[in-house]
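Each chain, letter by letter, is given below.
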Amino acid sequence: MPTYDYPLVHIGNLANFKASLLFSDRISCRVYDSAGSVTNKCRNGGIYNLVIKQDVAYGELRVDLAVYEAADTGTLRFALSHGTFGNKVRGLYYDNPDLDNPWAVDKWEEEEILLLWGLKTTGQRAVPKEFPVSVFDNLAYCELLILFNGGYAVIQKDGETLDDAGKKKIAHLHDALTMLTGR
């Protein structure tokens, strides 16, 4: 399986990035300090070396990210940005009659809703189907795209940030893969 090595990557908020990866159980992320030991310490706006490995376990693709502290000297070569798709944004997750995709809802969960004057009732909310992790490299708008259940991570050259057009392309790709997999 391919391994990607990105030296001198700017990661704006590493703790936030690690938290966004919790949406998928098929992605792991470990942070290493300069001595090579695993650490929970995350610097805001830090420069890191990033190694991304892919593997297949039980017929499913798994992605492991290793983030190594890099010396602040050197020219910034890449930037990592990330985002999530909230259920209210991604309409494909819901049993939406306008989209004609009843398979897009895995199950319904009951949740307690607080009404006026302290009254409570129960309602149902859609739970998104599982989306397999996918890795794309050398796209027109980025060096590498990791697309996972409910979110994405993008690596771009020269410290560029993802613009709205790129975010829209990622959202359309996410929707297309959701429809193709039917998961």
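Nothing here was measured: the structure is a model prediction, and the numbers come from that model.

A. Molecular detail of the overall build of the protein. For the protein, the helix and strand inventory stands at 2 helices and 10 strands. Shown N-terminal to C-terminal, the secondary structure of the protein runs as helices and strands in the order β-α-β-β-β-β-β-β-β-β-β-α. Counting only residues that meet the buried cut, the protein has 40% of its 183 residues in that class. Sequence separation of 24 or more characterises 61% of the internal contacts of the protein that already satisfy a separation of 6 or more. When the accessible surface of the protein is totalled, it reaches about 10500 Å², and 50% of it is carbon and sulfur.

B. Quick look at the confidence of the model for the protein. The pLDDT averaged across the protein works out to 75; a share of 69% of its residues lies at or above 70. Considering only residues more than four positions removed or in separate chains, one finds that residues 87-108, a stretch of pLDDT under 50, has 49 contacts.

C. Summary view of the pattern of salt bridges. Summed over the entire model, instances satisfying the criterion amount to 1 salt bridge. We note a salt bridge from R26 to E60, for which the minimum N-O separation is 3.6 Å. Here E60 lies in strand β4 (residues 60-69) and R26 lies in the loop between α1 (14-20) and β2 (27-32), a separation of 34 residues in the sequence.

D. Representation of the pairing of strand β8 (residues 134-139) in the model. Relative to strand β9 (residues 142-148), β8 runs antiparallel, the two being bridged by 5 bridges. Each bridged residue has a counterpart across the sheet, and for S134 the counterpart in β9 is L147. In this antiparallel pair of consecutive strands, β8 and β9, the connection spans 2 residues.

E. Region of the structure containing the nonpolar core. Counting residues in each nonpolar core, the largest one holds 26 residues, and the members touching the most others are Y6, L50, I52, L65 and I146. Elements supplying a minimum of two residues to this core: β1 (3-13), α1, β2, β3 (44-57), β4, β5 (78-84), β9 and β10 (151-157). Each residue touching I52, except ones within four places of it in the same chain, is listed here: P2, T3, Y4, Y6, V63, D64, L65, L144, I146 and I155. Formed by 8 residues, the second largest nonpolar core is a distinct cluster that contains L145, L162, I170 and L177.

F. Region of the structure containing the environment of A171. Secondary-structure assignment places A171 in helix α2 (residues 164-181). Each C-alpha atom, one on A171 and one on Y152, is 9.2 Å from the other, the two residues being 19 residues apart in sequence.

G. Quick peek at the sheet that holds β8. Pairing is mixed in the open sheet, where 8 strands are placed in the order β2-β4-β3-β1-β5-β10-β9-β8. Two strands in the sheet have a free side with no partner beyond their single neighbour: β2 and β8. On average, each strand axis in the sheet is inclined to that of its neighbour by 30°, with strand direction left out of account. Summarising the sheet, β1 and β5 pair through 3 bridges and their orientation is parallel. Its bridge partner being in β5, I11 is matched across the sheet by L80.

H. Representation of the side chain of T39 in the model. Following the sequence through the fold, T39 ends up in the loop between β2 and β3. From its side chain, T39 meets the backbone nitrogen of K41 in a polar contact 3.0 Å long. Once residues within four sequence positions are removed from consideration, T39 is found in contact with V31, Y32 and D33.

I. Up close: the packing of aromatic side chains. For the structure shown, the criterion picks out 2 aromatic pairs. Ring geometry for Y6 versus F78: centroids 5.0 Å apart, planes at 80°, classification edge-to-face. Linking Y6 in strand β1 with F78 in strand β5, this pair joins segments that are 72 residues apart in sequence. Judged by its relative accessible area of 8%, Y6 falls in the buried class. Assessed through its relative accessible area of 6%, F78 is described here as buried. Centre to centre, the rings of Y32 and Y68 are 4.8 Å apart; their planes meet at 15°, and the pair counts as stacked.

Reading guide: rules and limits
- Residues numbered from 1 in each chain as written.
- Predicted model: local features only at pLDDT ≥ 70, side-chain atom pairs only at ≥ 80, totals over all residues.
- Heavy atoms only, no water.
- Helix = DSSP H or I, 4+ residues; strand = E, 2+ residues; numbered from the N terminus.
- Buried < 20%, exposed > 50% of the residue type's maximum accessible area, 1.4 Å probe, protein only.
- Contact = heavy atoms within 4.5 Å.
- Areas by Shrake-Rupley, 256 points an atom, 1.4 Å probe, with all protein chains shown as cover.
- pLDDT = per-residue confidence, 0-100.
- Salt bridge = Lys/Arg side-chain N within 4 Å of Asp/Glu carboxyl O.
- Pairing = 2+ DSSP bridges.
- Core = buried A, V, L, I, M, F, W, Y, C linked by side-chain atoms within 4.5 Å.
- Axes fitted to C-alpha atoms, helices over the stretch in contact; angles between N-to-C directions.
- Polar contact = N/O pair within 3.5 Å; in protein donor to acceptor, adjacent residues only side chain to side chain.
- Phe/Tyr/Trp six-rings, centres within 6.5 Å; stacked < 30°, edge-to-face > 60°.

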